[in-house]
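# Chain and residue survey
So the chains spell out like this:
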Amino acid sequence: MSVHLISAVQAMAQLDQFDAIVDARSEGEHAEDHLPGASNWPSLNNDERIQVGTLYKQVNPFEAQKVGAALVAKNIARHIECHVMDKPKNWHPLVYCWRGGKRSNSLALILGQIGFKVHLIEGGYKAFRKEVMEDIPRQAQRLQFRVLCGPTGSGKTRLLQALAQEGAQVLDLEAIACHRSSVLGLIPGTPQPSQKAFDTQIWDALRRFHADRPVFVEAESKKVGNLAVPEALMLAMRASPCWRMHLSLAHRVDLLLEDYAFFTQDRVFFSERLERLSTLRGKAVVKGWQERIERGEMREVVAELLSGHYDPGYETSTANNFVHYATAPRISPASHRFVDMQALARECLQTA
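Residues numbered from 1 in each chain as written. Predicted model: local features only at pLDDT ≥ 70, side-chain atom pairs only at ≥ 80, totals over all residues. Heavy atoms only, no water.

## Considerations on the overall build of the protein
A tally of helices and strands in the protein yields 18 helices and 12 strands. For the protein, the C-alpha atoms occupy an extent of roughly 65 × 45 × 35 Å along the three principal directions. Taking all 352 residues of the protein together, 48% fall into the buried category. Taking the intrachain contacts of the protein between residues at least 6 apart in sequence as the baseline, contacts between residues at least 24 apart amount to 74%. Distance between charge centres in the protein, computed from 42 positive and 40 negative side chains, equals 4 Å. (Helix = DSSP H or I, 4+ residues; strand = E, 2+ residues; numbered from the N terminus. Buried < 20%, exposed > 50% of the residue type's maximum accessible area, 1.4 Å probe, protein only. Contact = heavy atoms within 4.5 Å. Lys, Arg positive; Asp, Glu negative; His and termini not counted. Charge placed at Lys NZ, Arg CZ, Asp CG, Glu CD.)

Pasting the structure below:
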């Protein structure tokens, strides 16, 4: 048998060396969060897990274990038929379940008996999650960040994308969070990941960055939609050098009308989202915006949202939270167009 226990710390350090990472938990557990790149081979699926758990509580552990063993055996046989038949003898998987117990052990045992060299995470996903949360502060401290500041619509995300195309190291928190970080920032049809998955994806991004090159990131508040940015990362960002992006109001409106086109295409949805601003801006103001949306005055409403809602207080808030904001150099793309963001990205990389 060729099954080797490995600690979560060791697994994290060697994560890119395995030929496959196999999550033996149920599909529901896997969907909430999993190791980067893991494939899901449930030893028990969602319904089977409930079935066995109910037997365990309502009948007795022995009966539950018999039923569970039969189900696990069937599922492992199916996984081998579907996923393993084409694997060479030197195939080298990493296997885990919730706590490194029976579900992953059963799969690892069979794979090991076939002749594969299998590594099994001691403590399973639970141990991995604990180590990720402890490692994020270490990763944040070893890196040098460059923070892009600027009011809504100034092109921070487009500049990040342009920087990435130019080969820069970029941490796009909004892309990871599937949210554009404002009351209007949700992306229709794209749910946000769980907090655990958000944390794991941030850790996975941080660990891949080289410490001798800057990491570009957009200034964010503590939450992106419903997700909290890890505190240690937030502190590192706020203490890092900043750049202040400036773009004319007209170009900001153009940019937002392009990036939030789904609002212009669904006026009812846009109006409903604006209801969330009633507490801050008053029902009369919001109703006025909604009436103008109904008349098709999208550009005018967006301009008023920027000048009347997003911009007031931005300078003060950012200066209070980002240590170097007051002395940050100003950068200005020629327009909101991506080609101009690319030109600015090249200039930024020369001075970073």
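## Digging into the pattern of salt bridges
Per the stated rule, a full pass over the model turns up 26 salt bridges. Across the salt bridge formed by Arg244 and Glu315, the nearest N and O atoms sit 2.8 Å from each other. Of the two residues, Arg244 sits in strand 11 (residues 242-245) while Glu315 sits in helix 17 (residues 314-321), which places them 71 residues apart along the sequence. With a closest N to O distance of 2.2 Å, Glu304 and Arg292 form a salt bridge. One end of the pair, Glu304, is in helix 16 (residues 298-310); the other, Arg292, is in helix 15 (residues 283-294), with 12 residues separating them in the sequence. Each of Asp16, Asp204, Arg207 and Arg208 takes part in one network of salt bridges that share partners. (Salt bridge = Lys/Arg side-chain N within 4 Å of Asp/Glu carboxyl O.)

## Description of the environment of Glu297
Along the chain, Glu297 turns up in the loop between helix 15 and helix 16. Linking Glu297 and Met133, residues 164 residues apart in sequence, is a C-alpha distance of 47 Å.

## What to know about the layout of surface pockets
Approximately 1,000 Å³ is the volume attributed to the largest pocket. As for the largest pocket, its lining consists of 40 residues, and the residues nearest its centre are Thr152, Glu174, Arg180, Ser181 and Ser182. Taken together, the residues of the lining of the largest pocket break down into 13 nonpolar, 17 polar and 10 charged. Considering only enclosed or pocket space, the second largest pocket measures out at about 670 Å³ in volume. Every residue lining the second largest pocket is counted, 20 residues in all, and those nearest its centre are Leu44, Val52, Gly101, Lys102 and Arg103. Listed by contribution, the elements that provide at least two residues to the lining of the second largest pocket are helix 3 (46-58), helix 4 (61-84) and helix 5 (102-114). A per-element tally of the lining of the second largest pocket places helix 4 first, with seven residues. A class-by-class count of the residues in the lining of the second largest pocket yields 11 nonpolar, five polar and four charged. (1 Å grid on protein atoms, 1.4 Å probe; cavity = no way out; pocket = protein on both sides within 12 Å on 5 of 7 lines; lining within 4 Å. Points joined across faces, edges and corners; volume = space filled by probe spheres on them. Nonpolar A, V, L, I, M, F, W, Y, C, P; charged D, E, K, R; others polar.)

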